[in-house]
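Coordinate inspection notes
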Amino acid sequence: MSNLDRSFWTGREVRVADPTAITQVGALCLRDGKDGKDVLLVKSSRGRWIVPKGWPMDGHTDAETAKIEAWEEAGVHKGKVSKAPIGGYVTEKRFDDGRRVPCHVSVYRIDVKEMTKTYPEAGLRKRKWMPLKKAIKKVDDLGLKAFLGALA
């Protein structure tokens, strides 16, 4: 990943670091915590802490896709999702066949109102609420770390 631009962006302007990169949609799930906003992280299939994310879905807007990913991966049942991305980051998508491809993740904010204990990927993923500053320390993806850091 040394040749990747580990940039991030916040706001409505997309910063394209690599025009050959694939695109995913992420969900920044937030709730009011004891010391400010708490962030919901999930464990990826490779054991890394990330935000819920996935591929754009035919027939759905990216905002709808973010909400669907938050439901499937973390059990977010009710929440208000932003209509436009609040930002994004560049990462590397690792495939099971060993390929590594640059990936732009557009992130939508979800203010979580309700969660469920059972959800489609409950048996596959751990989920954890944590303060934003702790979430920044937990993630090891440099693009996501920088994106979260810009929000702190």
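Above: the structure in question.
Scope of this entry: the structure provided in the associated data block. (Residues numbered from 1 in each chain as written. Predicted model: local features only at pLDDT ≥ 70, side-chain atom pairs only at ≥ 80, totals over all residues. Heavy atoms only, no water.)

Applying the stated criterion across every chain, the model contains twelve salt bridges. The closest approach of N and O atoms between aspartate 96 and arginine 46, which form a salt bridge, is 3.5 Å. Here the residue aspartate 96 occupies a position in the loop between strand E7 (87-94) and strand E8 (100-115), and arginine 46 occupies one in the loop between strand E3 (36-43) and strand E4 (49-50), the gap between them amounting to 50 residues. Take aspartate 96: its relative accessible area is 79%, and that puts it in the exposed class. In this structure arginine 46 comes out as partly exposed when scored by relative accessible area, which is 41%. (Salt bridge = Lys/Arg side-chain N within 4 Å of Asp/Glu carboxyl O. Helix = DSSP H or I, 4+ residues; strand = E, 2+ residues; numbered from the N terminus. Buried < 20%, exposed > 50% of the residue type's maximum accessible area, 1.4 Å probe, protein only.)

All right, on to the side chain of threonine 116 then. Summarising the element assignment, threonine 116 is placed in the loop between E8 and strand E9 (127-131). A polar side-chain atom of threonine 116 sits 2.8 Å from the main-chain carbonyl oxygen of threonine 118. For threonine 116, the contacting residues outside a window of four places in its chain are Trp71, Gly75, His77 and Arg127. (Polar contact = N/O pair within 3.5 Å; in protein donor to acceptor, adjacent residues only side chain to side chain. Contact = heavy atoms within 4.5 Å.)

With respect to the helices and strands, the residue arginine 94 is situated in strand E7. Each C-alpha atom of the pair arginine 94 and arginine 46 lies 9.3 Å from the other, and the pair is 48 residues apart in sequence. Beyond its immediate sequence surroundings of up to four residues, arginine 94 is in contact with Arg46, Arg48, Arg99 and Arg100.

In this structure, Leu28, Cys29, Leu41, Val76, Leu144 and Leu148 are the most contacted members of the largest nonpolar core, which totals 33 residues. The element contributing the most residues to this core is E8, with six residues. Excluding residues within four positions of it along the chain, leucine 28 makes contact with Val39, Val51, Ile86, Val107, Tyr108, Arg109, Ile110, Phe147, Leu148 and Leu151. (Core = buried A, V, L, I, M, F, W, Y, C linked by side-chain atoms within 4.5 Å.)

Under the 1.5 Å per step criterion, the end-to-end length of helix H1 (residues 62-74) is 17 Å for 13 residues, consistent within 8% with the ideal 18 Å. Buried residues of H1: Ala63, Thr65, Ala66, Glu69, Ala70, Glu73 and Ala74, and no others. Looking straight down H1, one finds that the buried residues subtend no more than 155° of arc, so they occupy a single side. Contact partners of the buried residues in H1: strand E2 (22-33), E3, strand E5 (53-54), strand E6 (76-81), E8 and E9. Backbone geometry just after H1 places glycine 75 at a positive phi near 80°. (Expected span 1.5 Å × (residues − 1). Arc of directions from axis to C-beta.)

The next thing to look at is the packing of aromatic side chains. In this description, a pair of aromatic rings is defined by centroid distance and the angle of the planes. If you walk through the whole model with that rule in mind, you get two aromatic pairs. For the ring pair tryptophan 55 and phenylalanine 95, a centre distance of 6.4 Å and an interplane angle of 10° mean the geometry is stacked. Here tryptophan 55 is found in the loop between E5 and H1, whereas its partner phenylalanine 95 is found in the loop between E7 and E8, with 40 residues between them in sequence. Ring centres of tyrosine 89 and phenylalanine 147 lie 6.2 Å apart, and the angle between their planes is 35°; this geometry places the pair in the tilted category. Taken as a pair, tyrosine 89 in strand E7 and phenylalanine 147 in helix H3 (residues 142-151) lie far apart in primary sequence, 58 residues in all. For the pair tyrosine 89 and phenylalanine 147, a shared accessibility class is recorded, and that class is buried. We note arginine 99 situated over the ring of phenylalanine 95; from NZ or CZ to the ring centre the distance is 4.1 Å. (Phe/Tyr/Trp six-rings, centres within 6.5 Å; stacked < 30°, edge-to-face > 60°. Lys NZ or Arg CZ within 6 Å of the ring centre and 35° of its normal.)

Note that all results are geometric; they support no functional claim without further evidence.
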